[in-house]
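Residue-level listing of the chains:
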Amino acid sequence: MSTGELLSIEPLELTFPFELKKQISCSLQLSNKTDNYVAFKVKTTNPKKYCVRPNTGIVLPRSTCDIIVTMQAQKEAPVDMQCKDKFLLQSVKTNDGATAKDINAEMFNKEAGHVVEECKLRVIYVSPPQPPSPVPEGSEEGSSPRGSVSDNGHVNGAEFAAAAKALTDRFEPQDKNMEARALISKLTEEKSSAIQQNNKLRQELELLRRESSKNRAGVSFVFVILVGLLGMILGYIMKKS
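Residues numbered from 1 in each chain as written. Predicted model: local features only at pLDDT ≥ 70, side-chain atom pairs only at ≥ 80, totals over all residues. Heavy atoms only, no water.

Looking at an unreviewed UniProt entry, one finds the chain named Vesicle-associated 1-1-like protein, with Melia azedarach as its source organism.

Asker: How do you make sense of empty space enclosed by the protein when you look at a structure like this?
Answerer: Empty space left among the atoms is revealed by rolling a probe the size of a water molecule over them. Summed over all chains, the structure comprises one cavity of 30 Å³ or more. A volume near 110 Å³ is recorded for the largest cavity. Sorting the residues of the lining of the largest cavity by element identifies strand 7 (56–59) and helix 1 (157–240) as the ones contributing at least two each. At four residues, the largest contribution of residues to the lining of the largest cavity is made by helix 1. Each residue belonging to the lining of the largest cavity can be placed in one class, and the counts come to seven nonpolar, five polar and two charged. (1 Å grid on protein atoms, 1.4 Å probe; cavity = no way out; pocket = protein on both sides within 12 Å on 5 of 7 lines; lining within 4 Å. Points joined across faces, edges and corners; volume = space filled by probe spheres on them. Helix = DSSP H or I, 4+ residues; strand = E, 2+ residues; numbered from the N terminus. Nonpolar A, V, L, I, M, F, W, Y, C, P; charged D, E, K, R; others polar.)

Asker: Just checking my understanding: could you explain the packing of aromatic side chains for this structure?
Answerer: Pairs of aromatic rings are described using the distance from one ring centre to the other and the angle between the two planes. For the coordinates displayed, the defined rule picks out three aromatic pairs. With a centroid separation of 5.9 Å and 40° between ring planes, the pair formed by Phe16 and Tyr50 is classed as tilted. Separated by 34 residues along the polypeptide, Phe16 in strand 3 (residues 13–17) and Tyr50 in strand 6 (residues 50–53) bring together distant segments of the chain. Judged by relative accessible area, Tyr50 falls into the buried class, the value being 5%. Here the aromatic residues Phe16, Tyr50 and Phe87 are joined through ring pairs into a cluster of three or more. (Phe/Tyr/Trp six-rings, centres within 6.5 Å; stacked < 30°, edge-to-face > 60°. Buried < 20%, exposed > 50% of the residue type's maximum accessible area, 1.4 Å probe, protein only.)

The following block contains the structure:
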């Protein structure tokens, strides 16, 4: 975990279980440790290869923001599973009530005098979980179950059932492993969608708060004018009396 003055970042390494011709995603969580609004921006050395959602945003005071990084399907495996791609996460304090629409490149310009925190993240490829090896055909250990034959020529049903169960148990872990991988992939996609919706709702809520504050200010101004006019009218009536 990176512990800067503005944001805590978890993890510092983006780990992808590499598989050919398959999109792979991993998540990143930002935690705002301050009482200020913090803007962030994510950059990568290989933008065509990765999709970052969101790649810019606002982390509200004492709250968190989740980022999903998706690697596009690759046609070739890297040599020795080594990856030189890197990410850079920049963060800076911003005005209270700011939203993602207020973010611009100038905010992260150090030469303009802005205090910008930076954190470098590296990419790691790992091999995906390997399914169990299939049972070799023709071997004594992996041969099809056969019931023993008794002296009178009848097949021993109990031994046949036991052998059949043993063979079934061999293949069940492989089936369960495939089901688990499919479930993990589905849950990852659902999590990504939920995170995007959550971030969007946060921004819309903050925008509504800002609009509400502006409306209250406008109503107060009109009220002051009406009170002033009413005072002038009452003064005029009393003079006439």
